[in-house]
Every structure is written in structure tokens, then in C-alpha cells.
Amino acid sequence: MSNFRNLLANAKTQINELEVAEVQAHSDVDWVFLDVREPEEFAQGTIPGSVLLPRGNLELQVESMIPDKQTPVLVYCAAGVRSAFAAATLGQLGYTQVASLMGGFEAWKEQGGVWSVPSRLGDDQRRRYHRHLLLPEVGEEGQRRLLNSKVLLLGAGGLGSPAALYLAAAGIGSLGILDMDEVDLSNLQRQIIHSTDAVGQRKVDSAKSAINALNPEVDVLTYDCRLDETNVATIIADFDLIVDGTDNFNTRYLINDAATAARIPVVHGSIYRFEGLVTIFDPPKGPCYRCFLPAPPPPELAPSCAQAGVLGVLPGIIGSLQAMEAIKLILGIGETLVGRILTYDALSESFSTYNLERNPGCETCSVQTHDLVDHTHTRTA
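Owing to the predicted nature of the structure, the values given are computational and were not obtained by experimental measurement.

### Structural notes on the pattern of salt bridges
The full count for this structure, using the stated rule, is 15 salt bridges. Close ionic contact of Glu17 with Lys12 constitutes a salt bridge, the shortest N to O distance being 3.5 Å. What makes Glu17 partly exposed here is its relative accessible area of 21%. In this structure, Glu325 engages Lys328 in a salt bridge whose closest nitrogen and oxygen atoms are separated by 2.8 Å. Note that Glu325 and Lys328 are positioned in helix α16 (residues 313–331) at a spacing of three residues, about one turn of the helix.

Below, the structure is given as C-alpha cells:
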């Protein structure tokens, strides 16, 4: 009849165990450090960058947290017991490069391994973001990433309104809002961050009030100015990514060139009457705006919303998609829209996706990255 010792001995015959020195000697291996301890143990200290997944949830959640089963995974617990069972389980699930850290986290600390005490969410934060914490793709580590991130919203209008509200609700730590206009009664049909009481106020001030009313923790930085060649590099420098809700081509090219030079991803959105699109420009991982549109179309072929009109719900949909893509970029989850264009037709209630690759002759991204690829446009759906 089996007992604990027999079960542990059997598990260890099925796995690869590595000592701390062996792990440190193979720094070329791009390990995912998987911490299978409980959250209260993790909070007292962990190997930086570790993925927390308590042993009791391993079978249920690991495939969503580490989808590639060829990924090198180093599992550890406090002393190497739970990690041995966890490593055996991962092997049974089809993971091919798994090892258990001999002696666990205690051995790692004793032998000079780098470790740190992670910042902890407060009680109010745990209540506010509880639904995020339930998602294995987010969890406490992902929520801390959101809280430490900085996103710049260009425009507090139709696209910027829903994007700002959802990013603030998600817990983005710092939100920059750039707009040089004031709230007009005609804005309220689609720019939902503003209210009737805000008519006549500066848009950045109105947006800041709405964001802070929703989530007082968010640090809102306002830029009540026009973006131009003299200030664009300075303004975008402190942000992790940009959500572009601008409505003119000259500004889009300006943003594109500055963001490409600074290696800052741009989540782009645009709308026209009943149609909209979303994509991400992030060279060299994908194309830039000039790959997509090397030159602006004639004005008569691209009228503004003020000239052509727009259904008020449409920017809510596109701006929300921009917020979703921004969050995915920050968390490093899912398949983003880098190299893909998502289009939406409200009248037919349909989405289509198109591939967009970098243009080897692009005057912006091919010159600055020296990483050329073939230029193709292929419809995929």
C-alpha cells in the first residue's frame, strides 16, 4: 500500500530535478519560473518574474497561463516537495521541458539566488479588482503590472472616452490625456466621458474628473495642448504605450514617426459613419502607420466625422477594443492586433481581419530598424 514517501519517490523518478547552482549555471535557458506555493508564501518573497500558480489549481489553470508546452518551466515551492509532484503532473499534461528546483525557494535564498518581496494589493484593491484576480491570465501579478503601467491617450473624444474609462476601471496606474479642445454639446452624442454639466470645460479637465470619480487611484496627467514636432518626443517618452484616438492624418504620421523612434507601441483606432478599425503599430514586431497608409488620401475621400457624421455607439465599440488591446499588451496575453487590422461594420454587424506586414521601403520603420520583410496585404477573414 502506497504512502506519502512512496508517492514522492515515485514522482521524483518521473522528473528532472536541478540544484540551484545548475540553474544559475544555465542562464542561457529562458526559464518560466513557476511558483506553486500559496499566495501568503509568495507575498513573503519570490524569485523575480515568477508566475504564481498554487499547486491546488495547477491542472485547472496551467494550460491557460503557459499555453506553449515546449516552454522551459522551472517549478519551485518552499522545499522541493510540492514542486516535485507539480513537475510530474506537468509531464503528464504534455510539457516537455520541465524541472523541479531541488530544495525549493529556501535553498534558492540560502545559496545567494536573487529574490524579492512583491508589492501587495491592499484590501480595497483586492475588492475592486477581484474579477481580474480570478482570471489566471491576470491574477495578482497581472494586476500589479496594470497598476504600474503608463498609458497615453491621444484625444478625449469619441475613441478616447471609452478607452479612458475602461483603462481606468482596469487599474492602469497612470493615464495621460492629451486634447486641446473644450466640451461642446454636440460632443455628448458619442464622447461619453463628458457630461452636460461639463459643456464649456476643457476636455482634459472634464476627462480627469470623470476618471478620478470612477477610480481615484489612477494618476491622471493632462496635456491641454496641440501635439507637434516640438513636444511630441518629450510627451510620449514616459509612457509604455499610446492609444491613438486622433482624427487627422498629419497628427497620425507625427505620432507614428515619434513612437517608432522611441519603440513605443501605438494602439490605433479610426471611425467613419458606421465603420471602424483597430490595429497596433509596433515596429519591428509589425508594421507602422506609414506601412498601412504611405500617404494621406485626398480630403474628399476621407471626410471627418464633423462632415460625414458618425453613429454615436460606433466609437464606443472601437475605443473599447483599443482598451482591450492595450491591456493585452501590458499583460502579455492573447494574440494582439500587431500585424493585423480588425474592421467592424455596424450596419451588417460583422468583423473582418486583414493581415498587414511591414513595407521594406517604408521611410520610417524600415530605415530605423534595419529589419526588412516582404510587404503583403492578405485578407484572412
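From this point on, the discussion continues.
### Notes on the layout of surface pockets
Roughly 1300 Å³ of volume is contained in the largest pocket. Lining the largest pocket are 44 residues, with Gly245, Thr246, Asp247, Asn248 and Arg252 positioned closest to its centre. Every element with two or more residues in the lining of the largest pocket is listed here: α13 (249–262), β10 (266–272), β11 (275–281), α14 (289–292) and α15 (305–308). Looking at which element gives the most residues to the lining of the largest pocket, the answer is β10, with four residues. Its residues assigned to classes, the lining of the largest pocket shows 21 nonpolar, 15 polar and eight charged. In this structure, the second largest pocket encloses a volume near 860 Å³. Taken together, 34 residues form the lining of the second largest pocket, with Val51, Met65, Pro136, Glu137 and Val138 sitting closest to its centre. In terms of residue count, helix α9 (residues 139–147) provides more of the lining of the second largest pocket than any other element does, six residues in total.

### A look at empty space enclosed by the protein
Per the counting criterion, the structure on display carries one cavity of 30 Å³ or more. Of the volumes computed, that of the largest cavity is approximately 40 Å³. Taken together, Asp244, Arg252, Ile255, Asn256, Val266, His268, Phe281 and Tyr289 make up the lining of the largest cavity. Secondary structure elements with two or more residues in the lining of the largest cavity: α13 and β10. Classifying every residue of the lining of the largest cavity by side-chain character gives four nonpolar, two polar and two charged.

### Topic: the nonpolar core
Residues Val151, Leu153, Leu167, Leu175, Ile177, Ile211 and Val243 are the most contacted members of the largest nonpolar core, which totals 37 residues. Secondary structure elements with two or more residues in this core: β6 (150–154), α10 (160–170), β7 (174–178), α11 (203–214), β9 (241–244), β11, α16 and β12 (340–345). Ranked by residue count, the leading element in this core is α16, at seven residues. Among the nonpolar cores identified, the runner-up in size contains 21 residues, and Leu178, Ile235, Ala259 and Ile264 belong to it.

### With respect to the confidence of the model for the chain
Confidence along the chain averages 91 in pLDDT terms, with 95% of residues attaining 70 or more. This model gives residues 369–381 a pLDDT under 50, and the stretch forms 36 contacts once residues within four places in sequence are excluded.

Reading guide: rules and limits
Residues numbered from 1 in each chain as written. Predicted model: local features only at pLDDT ≥ 70, side-chain atom pairs only at ≥ 80, totals over all residues. Heavy atoms only, no water. Salt bridge = Lys/Arg side-chain N within 4 Å of Asp/Glu carboxyl O. Buried < 20%, exposed > 50% of the residue type's maximum accessible area, 1.4 Å probe, protein only. Helix = DSSP H or I, 4+ residues; strand = E, 2+ residues; numbered from the N terminus. 1 Å grid on protein atoms, 1.4 Å probe; cavity = no way out; pocket = protein on both sides within 12 Å on 5 of 7 lines; lining within 4 Å. Points joined across faces, edges and corners; volume = space filled by probe spheres on them. Nonpolar A, V, L, I, M, F, W, Y, C, P; charged D, E, K, R; others polar. Core = buried A, V, L, I, M, F, W, Y, C linked by side-chain atoms within 4.5 Å. pLDDT = per-residue confidence, 0-100. Contact = heavy atoms within 4.5 Å.

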